[in-house]
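The lines below spell out each chain.
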Amino acid sequence: MEQGQTLLRRIELYAGADPQRRAVAAAVGAIAAASIAISELIGQGALAGITGQAQGSANADGDVQKDLDVRADEMVQGALKSVPYAVLASEEAEVLVPGDPKALISIAYDPLDGSSNIDTNMTVGTIFSIIPNDPGVAPFTASGNCQLAAGFVVYGPQTSLVLTLGDGVDIFTLDRAARTYRLIRERVKIPADTAEYAINASNHRHWEQPVRDFVDECLAGADGPRSKDFNMRWIGSLVAEAYRILTRGGVFLYPADSRPGYGDGRLRLLYETHPMAMVMEQAGGGASTGRERVLDLAAKSIHQRSPLIMGSIDKVKRIELLHNDPDAASRTAPLFARRGLFRV
Ligand code: F6P
Ligand code: MN
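Predicted model, so just to flag it, every value in this text is computed and none were measured. (Residues numbered from 1 in each chain as written. Chains lettered and ligands numbered in written order. Predicted model: local features only at pLDDT ≥ 70, side-chain atom pairs only at ≥ 80, totals over all residues. Heavy atoms only, no water.)

Here the focus is the nonpolar core. Leu7, Leu80, Ile107, Ile130, Leu163 and Tyr181 are the most contacted members of the largest nonpolar core, which has 45 residues in total. In terms of residue count, helix α2 (residues 19-44) provides more of this core than any other element does, 13 residues in total. Filtering out sequence-adjacent residues up to four positions away, Ile130 remains in contact with Val24, Ala27, Val28, Ile105, Ser106, Ile107, Gln147, Leu148 and Ala149. In terms of nonpolar packing, the next biggest core, distinct from the first, is built from 44 residues, Ala150, Ala242, Phe252 and Leu270 among them. (Core = buried A, V, L, I, M, F, W, Y, C linked by side-chain atoms within 4.5 Å. Buried < 20%, exposed > 50% of the residue type's maximum accessible area, 1.4 Å probe, protein only. Helix = DSSP H or I, 4+ residues; strand = E, 2+ residues; numbered from the N terminus. Contact = heavy atoms within 4.5 Å.)

Encoded structure:
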């Protein structure tokens, strides 16, 4: 694939004459078109009447809806009107939106991820997952392994679209003058081991022990069991964290915790963790709940949550080991472990 190739050319080449692939390509094209308009709107901010103010309403999962959440949802749904889909699942809609039952695909999306950051001029994004519409299978009840395509757009200093069509991950950046996405990186590979981690540390007291053990190992730095200094990042915007991990590795955790309603973490399976998990795995990284692959989970309800630990494969494996073998932390570092010399 040549550098600078447009997204539209890329999806056209992928689709060929295959009807299901043509539907996937149409969906990606429509989401890309909506994202260009969303990017322009966000870029205008208050000049376009976007304040980041709460609408006084909450979405189906209880998050406060911002003015832009609602606008972005209308823009994505509007763009998808030209696409043959069976069912849509949107973060902003309480229930599934039916389309043509004979269509070959269904689409889940988060129109504006990280929108609690919008009033602070920080990076936000749009996430999408495209699945087959199989007769006899209720929509959005299969595991994440069935996804045909997934990706996300980040509205940052640059607007970039990350895409997997099931054969690696490519990144396209918006050429604003031409209003088109152009390829900037293909077959992205996440470094296997890195020294950067991201977690909302204010929840420390609510975490399970394996998550505390991992973060303690990182905090102990060069003097600790990992014998290396770590760096911490927390943006509070999933798309921005995922983009950073694709660029330079690292691990992101939104684990289950003991707060009421957080038994499965905070992020939603169908339009947040399934698509992120597909992107991470397709880039050679991992995505786990701590105990199992995120892609092996199947949803029972549209806004179901799942824990997400994603990024560099060595770190994801280490965190899984800490969950599945409670003595792993003490074995690695008897002096530092919670039952070791320096702890009681
Ligand atoms: O969509 C949920 C989201 O905004 C993610 O983008 C982000 O990772 C997370 O919530 C932040 O949650 P918290 O409230 O813990 O900062
Ligand atoms: Mn979100």
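With that out of the way, let us pick up the coordination of the manganese ion (ligand 2). In the first shell of the manganese ion (ligand 2), the protein supplies Asp110 (OD), Asp113 (OD) and Glu272 (OE), at 2.0 to 2.3 Å from the metal. Sequence positions of the residues that donate to the manganese ion (ligand 2) give the spacing D-x2-D-x158-E. Residue Asp113 is located in strand β5 (residues 105-113), and its partner Glu272 is located in helix α6 (residues 269-282); the two are separated by 159 residues in the primary sequence. Across the pair, Glu272 and Asp113 agree in class, each one buried. (Donors = N, O, S within 2.8 Å, 3.2 Å for Na, K, Ca; no water.)

Even without a glycine there, the phi angle at Asn121 is positive, about 65°. Within the secondary structure, Asn121 sits in the loop between β5 and β6 (124-132).

Our next topic: the site of ligand 1. If you check the shell around ligand 1, you find Asp113, Gly114, Asn200, Trp234, Gly236, Ser237, Leu238, Tyr254, Arg266, Leu267, Arg268 and Glu272 and nothing else. Note that an oxygen atom of ligand 1 is positioned 2.9 Å from one of the side-chain N or O atoms of Asn200. Between ligand 1 and the protein, one listed contact pairs an oxygen atom with a side-chain N or O atom of Glu272 at 2.7 Å. For ligand 1, whose accessible area on its own is 400 Å², the fraction buried by protein is 84%. Judged by the proximity of its atoms to the pocket grid, ligand 1 belongs to the largest pocket. Its residues placed into classes, the shell around ligand 1 shows 4 nonpolar, 4 polar and 4 charged. (Near = heavy atom within 4 Å. Polar contact = N/O pair within 3.5 Å; in protein donor to acceptor, adjacent residues only side chain to side chain. Areas by Shrake-Rupley, 256 points an atom, 1.4 Å probe, with all protein chains shown as cover. 1 Å grid on protein atoms, 1.4 Å probe; cavity = no way out; pocket = protein on both sides within 12 Å on 5 of 7 lines; lining within 4 Å. Sits in = over half its atoms within 2 Å of the grid points. Nonpolar A, V, L, I, M, F, W, Y, C, P; charged D, E, K, R; others polar.)

Bringing the domain arrangement of the protein into the picture now. Split by domain assignment, the protein resolves into domain 1 (7-185) and domain 2 (196-332). Relative to domain 2, the C-alpha centre of domain 1 lies at a distance of 24 Å. Facing the 48 residues of domain 1 at the interface are 31 residues of domain 2. When the two sides are added together, the surface that domain 1 and domain 2 hide from each other amounts to roughly 2,900 Å², 60% of it contributed by carbon and sulfur. By the criterion of area lost to domain 2, the three top residues of domain 1 are Asp61, Ile127 and Phe152, representing 18% of everything that side buries. Between domain 1 and domain 2 we count 1 salt bridge in total. (Domains from an automatic or database assignment. Buried area = accessible area lost by both parts, 1.4 Å probe. Salt bridge = Lys/Arg side-chain N within 4 Å of Asp/Glu carboxyl O.)

Here we come to the sheet that holds strand β13 (residues 251-254). Read from one edge to the other, the open sheet built from 5 strands follows the order β12-β11-β13-β15-β14, with strand pairing classed as mixed. Because the sheet does not close on itself, it has two edges, and the strands there are β12 (231-232) and β14 (286-288). Pairing of strand β11 (residues 196-199) with β13 involves 3 bridges; the strand directions are parallel. Note on β13: the bridge partner recorded for Ala198 is Phe252. Along the sheet, helix α4 (residues 209-220) makes contact with β11 and β13, crossing β11 at roughly 135°. Sheet strands touched by α6: β14 and β15 (308-311). Its angle to β15, the strand with the most contacts, is close to 25°. (Pairing = 2+ DSSP bridges. Axes fitted to C-alpha atoms, helices over the stretch in contact; angles between N-to-C directions.)

Its 12 residues give α4 an end-to-end C-alpha distance of 16 Å, which sits within 8% of 16 Å, the value for a rise of 1.5 Å per residue. Along α4, the positions that sit buried rather than exposed are Pro210, Val211, Asp213, Phe214, Val215, Glu217 and Cys218. Those residues of α4 hidden inside the fold are in contact with β11, β13, α7 (313-324) and α8 (328-332). Of the residues flanking the end of α4, it is Gly221, one or two places downstream, whose phi is positive at about 60°. (Expected span 1.5 Å × (residues − 1).)

As summarised here, the arrangement of the 8 strands in space is β4-β3-β5-β6-β7-β8-β9-β10, forming an open sheet in which the pairing is mixed. The outermost strands of the open sheet, each flanked by one partner alone, are β4 (97-98) and β10 (180-185). Relative to β10, strand β9 (residues 169-175) is paired through 5 bridges, and the arrangement is antiparallel. Following the sheet pairing, Asp175 is matched in β10 by Thr180. Packing of helix α5 (residues 238-248) onto the sheet brings it into contact with β5, β6, β7 (149-155), β8 (159-164), β9 and β10, and relative to β7 it is tilted by some 105°.

When its volume is computed, the largest pocket comes out at roughly 460 Å³. Every residue lining the largest pocket is counted, 28 residues in all, and those nearest its centre are Asp63, Gly114, Ser116, Gly236 and Arg266. Those elements giving two or more residues to the lining of the largest pocket turn out to be β2 (64-66), β5, α5 and β13. Of the residues forming the lining of the largest pocket, the biggest block, 3 residues, is contributed by β5. A class-by-class count of the residues in the lining of the largest pocket yields 8 nonpolar, 8 polar and 12 charged. Mapped onto the domain boundaries, the lining of the largest pocket takes at least three residues apiece from domain 1 (7-185) and domain 2 (196-332). As a volume, the second largest pocket reaches approximately 310 Å³. Along the walls of the second largest pocket sit 19 residues, with Ile42, Gly43, Ile118, Asn121 and Met122 positioned nearest its centre. It is α2 that provides the largest number of residues to the lining of the second largest pocket, a total of 3 residues. In the lining of the second largest pocket, the residues fall into 8 nonpolar, 9 polar and 2 charged. (Points joined across faces, edges and corners; volume = space filled by probe spheres on them.)

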